[in-house]
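Summary of structural features
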Amino acid sequence: MKEIKMMPVGLFFLIPVIFAASCGGKPVNIPERDRNRARERMVRQLLRYGINDERVIAAMSTVPRHLFIPEKYRDTFDPYGDYPGPIGSGQTISQPYIVAYMTERLDVKPGEKILEIGTGSGYQAAVLAALGADVYTIEIIPELAEHARRVLAEQGYRKVQVRAGDGYKGWPERSPFDEIIVTCAPEEIPRALIEQLRDGGRMILPLGARFQRLVICRKEGGEVRIEDDLPVRFVPMVHGREVK
Ligand code: SAH
């Protein structure tokens, strides 16, 4: 069994995380009827942290985050607290703030075609679909891909397609993509993903090993411009052969 290693928490997010952990680290077991209120609380916190794209806020107000956490883990932490949590196979669901932040930076428009690498729970994919995007998402751990596929189907997110496979290869048959979001950290920008980005498109990814930064790539006229953003901490983007 792998340990739960990297948490997608940037240095910037440590204060809210420490605060949240100090008041909500124990199992909470929120009754189903209180989930909506918990979600509203999460969204109010996102607004306080500076997320101000109304469409992102609206999307995150609707997606039932708790249902994307496998039942076994759902009540071991507050699914609507601003921290990551376990989803099995040693992986985590990203904390709400980082989901909101990356989604806001991607500036997704309805009808756009998005590739996500690192499906995990399926939550980020659902948020993108709630914004009206067509989402193609790849997860290297087959059990997680299966979990995400099932929850997304049950919750009626028909615009998401999940593939179990190696994200380094991208999804060439469906390319080019308007935007690409990577939610695990490679050490170098994967070439295939740049190739599968349409001209004028954007990709956001955490880059690095021990020290990671979010990076935004813009492809224009065949050139790629790279902008550094926040320091973050994500699970590594593994190569196929490293999977146990
Ligand atoms: N977006 C997710 C969080 C994902 S955590 C959510 O909303 O819950 C990162 C995920 O990336 C993990 O599930 C991990 O298994 C996956 N991953 C790591 N390397 C990968 C690769 N090469 N291709 C596809 N997925 C990968």
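Note that the structure is a prediction, hence the values are computed from the model and not measured.

1. Let's talk about the site of the ligand
Neighbouring the ligand are 27 residues; Gly118, Ser121, Glu139, Gly167 and Val238 lie closest to it. In this structure, an oxygen atom belonging to the ligand sits 3.0 Å away from a main-chain N or O atom of glutamine 124. Here a nitrogen atom of the ligand and a backbone polar atom of glycine 167 are 2.8 Å apart. Out of a free accessible area of 580 Å², the ligand has 99% covered by protein chains.

2. Focus: the environment of valine 224
Structurally, the position occupied by valine 224 is in strand β9 (residues 223-232). Judged by its relative accessible area of 33%, valine 224 falls in the partly exposed class. In this structure valine 224 touches Ile194, Cys217, Arg218 and Lys219, once residues within four positions along its chain are discounted.

3. Considering unusual backbone geometry
Residue proline 176 follows serine 175 across a cis peptide bond; omega there is 5°. Secondary-structure assignment places proline 176 in the loop between β5 (160-164) and β6 (177-182). At serine 89, a position not held by glycine, the phi torsion is positive, near 55°. For serine 89, the position within the fold is in the loop between β1 (85-88) and β2 (91-93). We note that aspartate 107 has phi near 55°; this positive angle belongs to a residue other than glycine. Within the secondary structure, aspartate 107 is located in the loop between α5 (96-106) and β3 (113-117).

Cut-off values and rules
- Residues numbered from 1 in each chain as written.
- Predicted model: local features only at pLDDT ≥ 70, side-chain atom pairs only at ≥ 80, totals over all residues.
- Heavy atoms only, no water.
- Near = heavy atom within 4 Å.
- Polar contact = N/O pair within 3.5 Å; in protein donor to acceptor, adjacent residues only side chain to side chain.
- Areas by Shrake-Rupley, 256 points an atom, 1.4 Å probe, with all protein chains shown as cover.
- Helix = DSSP H or I, 4+ residues; strand = E, 2+ residues; numbered from the N terminus.
- Buried < 20%, exposed > 50% of the residue type's maximum accessible area, 1.4 Å probe, protein only.
- Contact = heavy atoms within 4.5 Å.

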